[in-house]
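Chain residues, written in single-letter form:
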Amino acid sequence: MTNRRTRPAPRPPEGTPPRAELARQARAVLADAVRIAHWAAGTPGPGTTAPLAAHALERAATALELSPAQVRAGWDRARLAGLVELHGDTARPGWRLRAWDRDDSAVLRGWVALFDAWSLVHAAPAGIEAGAVAEAVEAVPQVLSLLQLSAGPVTVPALLDLLGQRVAELQEERCEVPLGPGRTAPAASAAPAETAADQTAATAGPARSADLNALLLDWALEGLAAVGALTLGQGHATLTPLGNWAVWVKLEQICVAAQSPAGNIEQSAADMLLGCARLTPGPARDEYRAWLAARTVGSAVAELLAVARGEDALLRGLAFEALRVVGAPAEPEVRAVLAEPSLRPYALLWLAEYEGNDPDDAQDVLSREESTWLWVDTAAAVADHGETGLLVRHLDSAVQGTVPALLDEVRAVGHPRTVQVLVALAAAHPDPALAKAVRRAAFQVHTGGA
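Residues numbered from 1 in each chain as written. Predicted model: local features only at pLDDT ≥ 70, side-chain atom pairs only at ≥ 80, totals over all residues. Heavy atoms only, no water.

Draft legend 1. Local environment of the pairing of strand E5 (residues 236–239). Here strand E3 (residues 154–155) runs beside E5; their pairing, made up of two bridges, is antiparallel. Its bridge partner being in E5, Val154 is matched across the sheet by Ala237. In the sheet, strand E4 (residues 230–232) pairs with E5 via three bridges, with the strands oriented antiparallel. Each residue of the ladder has a partner; that of Thr231, found in E5, is Thr238. Here E4 hands over to E5 after three residues, with Gly235 in that stretch at a positive phi of 80°. (Pairing = 2+ DSSP bridges. Helix = DSSP H or I, 4+ residues; strand = E, 2+ residues; numbered from the N terminus.)

This is how it looks when you write it as structure tokens:
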């Protein structure tokens, strides 16, 4: 048994509207995006690519009675919120669009995806180098935290001061030295006396930096307002109920990460998954969230898929359980591994559930061969890490219905662990006749016989 301290379920800040009201507000923010997504999903033929093709833009504007600018903005939001999926030149409805009117959780997840992508919704000012923009984006969570903790309007000068401090901290963490190209710091003994020009240059730098920070803060506040996270007043900003709730959720995720037991948050993906192997599903998902919160999504997904490609079948299954917690950001990478035979069954099930299928019905997306391969892989996990009784009961989950049919298809599927699984099953099964048949099948696979 794994002992674990559990936190009581956190409650949102006082005054936070119920989830149904938050979902209503999210639907209002994304109303045009939903209309455009329905239009695009129901429009045959090419032309609904990103960015929206000119002729499709005109058709959508006419059909929906929106301006071209509104259509273009709504289309971008629909893609960022997961309301549409692009397959070549064809737009298909995303699972969130299908669940939009009945599932408040899907609506809120879609809005949070848009909130996370605020810097893509509102283009950065022209002429600013990418590094400065990236620093501002990285500093914005601290700005949002101040807004959330203040529980009311915060003046722009206060936000600007915080943004400047955070940017300076980021530059210091990267050990950046403000020297121009090709310049080196002079030795202390040889430092020349400052000239008037030197003094002027020294004072001009910070002034430009403050102006740049002010420009980037205005851009960030406008971008966050554009996705419905805050409202702008005369010289101040205030989080909306949606924005306040979203920032609170993300702060809670950080708290969960900080309370990860046994140091799982610091472990590699493989060690973290092994540490979660004996947890029940709820606590295991909490561990996955804690581990994920401490990493960028791209690196976490890549590490989990690298573990899934290994030889341990238990870790392969657990890696895809962790990827279920990642959700939409993992979809392109999961879809990309469909061509890998060892991962294909897991990826197909993941995608089926991601697209809204009931987990009990998801098995229907697998071919007979894929189901058999998955049965052997799961049996290998049980043989390596489980109890013998579980391996015997695993027979009941085979799609074949009879042991002879199962053995015939297991021999043909070509799983690398087939022999070990059959030997372990023969040793565990209490029926001597069935155990003998399984051992014979194992021998035939081992020797290459029919």
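Next comes the rest of the description.
Draft legend 2. Representation of the packing of helix H15 (residues 313–326) against helix H17 (residues 344–354) within the structure. Viewed as axis vectors pointing N to C, H15 and H17 meet at an angle of 20°, and their least axial separation amounts to 11 Å. What the angle tells us is that H15 and H17 run roughly parallel. Regarding H15 and H17, the two cross each other, and that crossing is right-handed. Judged by residue contacts, Ala313, Arg316, Gly317, Phe320, Leu323 and Arg324 of H15 engage Tyr346, Ala347, Leu349, Trp350 and Glu353 from H17. Taken together, the residues of the contact of H15 with H17 sort by class into seven nonpolar, one polar and three charged. (Axes fitted to C-alpha atoms, helices over the stretch in contact; angles between N-to-C directions. Parallel < 35°, antiparallel > 145°, perpendicular 65-115°, else oblique. Left-handed = near helix turned anticlockwise from the far one by under 90°. Contact = heavy atoms within 4.5 Å. Nonpolar A, V, L, I, M, F, W, Y, C, P; charged D, E, K, R; others polar.)

Draft legend 3. The arrangement of the side chain of Ser371 in detail. In this fold, Ser371 is placed in helix H18 (residues 368–385). Non-local contacts of Ser371, meaning those with residues more than four positions away in its chain, are made with Gln363, Leu366 and Val399.

Draft legend 4. Region of interest: the environment of Gly389. Examined against the element boundaries, Gly389 turns out to sit in helix H19 (residues 388–393). Look at Gly389 and you get partly exposed, because its relative accessible area is 29%. The sequence separation of Gly389 and Leu425 amounts to 36 residues, and the corresponding C-alpha distance is 9.6 Å. (Buried < 20%, exposed > 50% of the residue type's maximum accessible area, 1.4 Å probe, protein only.)

Draft legend 5. Here's a closer look at the sheet that holds E4. Strand order across the open sheet formed by three strands is E3-E5-E4, with antiparallel pairing between neighbours. Strands at the two margins of the open sheet, each flanked by one partner only, are E3 and E4.

Draft legend 6. Region of interest: the nonpolar core. Leu273, Leu304, Phe320, Leu323 and Trp375 are the most contacted members of the largest nonpolar core, which totals 62 residues. Ignoring sequence-local partners within four residues, the contact set of Leu304 consists of Ala269, Met272, Leu273, Trp291, Leu292, Ala319, Ala322 and Leu323. Among the nonpolar cores identified, the runner-up in size contains 61 residues, and Ala23, Ala78, Val143 and Leu217 belong to it. (Core = buried A, V, L, I, M, F, W, Y, C linked by side-chain atoms within 4.5 Å.)

Draft legend 7. Looking closely at unusual backbone geometry. Look at Glu65: it is not a glycine, yet its phi comes out positive at around 55°. Notably, Ala151 is not glycine yet its phi reads approximately 55°, a positive angle. Assignment of secondary structure puts Ala151 in the loop between helix H8 (130–150) and E3. Looking at Ala151, the relative accessible area reads 68%, which means it is exposed.

Draft legend 8. View of the packing of aromatic side chains. Per the stated rule, a full pass over the model turns up four aromatic pairs. Taken together, a centroid distance of 5.5 Å and an interplanar angle of 20° make the contact between Phe320 and Tyr346 stacked. A residue pair is termed long-range when its members are at least 10 positions apart, and Phe320 in helix H15 and Tyr346 in helix H17 qualify at 26 residues. Residues Phe320 and Tyr346 agree in their burial class; the two are buried. Centre to centre, the rings of Trp350 and Tyr354 are 5.3 Å apart; their planes meet at 15°, and the pair counts as stacked. Pair noted here: Trp350 and Tyr354 are both in helix H17, with a separation of four residues, about one helical turn. By relative accessible area, Trp350 is classed as buried at 2%. Given a relative accessible area of 13%, Tyr354 falls into the buried group. (Phe/Tyr/Trp six-rings, centres within 6.5 Å; stacked < 30°, edge-to-face > 60°.)

Draft legend 9. Focus on the pattern of salt bridges. Per the counting criterion, the structure on display carries 15 salt bridges. The shortest N-O distance in the salt bridge between Arg24 and Glu21 comes to 2.8 Å. Residue Arg24 and its partner Glu21 are both found in helix H1 (residues 19–29); the two are separated by three residues, about one turn of the helix. Here Arg335 makes a salt bridge to Glu355, at a shortest N to O gap of 3.3 Å. Taken together, the residues Arg335 in helix H16 (residues 331–336) and Glu355 in the loop between H17 and H18 connect sequence positions 20 residues apart. For Glu355, a relative accessible area of 28% corresponds to the partly exposed category. What emerges from the salt-bridge pattern is a single network uniting Glu321, Arg324 and Glu353. (Salt bridge = Lys/Arg side-chain N within 4 Å of Asp/Glu carboxyl O.)

Draft legend 10. Fine view of helix H9 (residues 156–173). Taking 1.5 Å of rise per residue, the 18 residues of H9 would be expected to cover 26 Å, and the 26 Å separating its terminal C-alpha atoms lies within 8% of that figure. Residues of H9 that are buried include every one of Leu159, Leu163, Arg166, Val167 and Leu170, and no others. Taken down its axis, H9 places every buried residue within 100° of arc, on the same side. The exposed set on the far side of H9, more than 90 degrees from its buried face, consists of Pro157 and Glu172. (Expected span 1.5 Å × (residues − 1). Arc of directions from axis to C-beta.)

Draft legend 11. Representation of the packing of H17 against H18 in the model. Two numbers describe how H17 lies on H18: the axes approach to 9 Å, and their chain directions differ by 105°. In terms of their interaxial angle, H17 and H18 are classed as roughly perpendicular. Contacts between H17 and H18 pair Arg344, Pro345, Tyr346, Leu348 and Leu349 from the former with Glu370, Trp373, Leu374 and Asp377 from the latter. Along the lines of polarity and charge, the residues of the contact of H17 with H18 split into six nonpolar, no polar and three charged.

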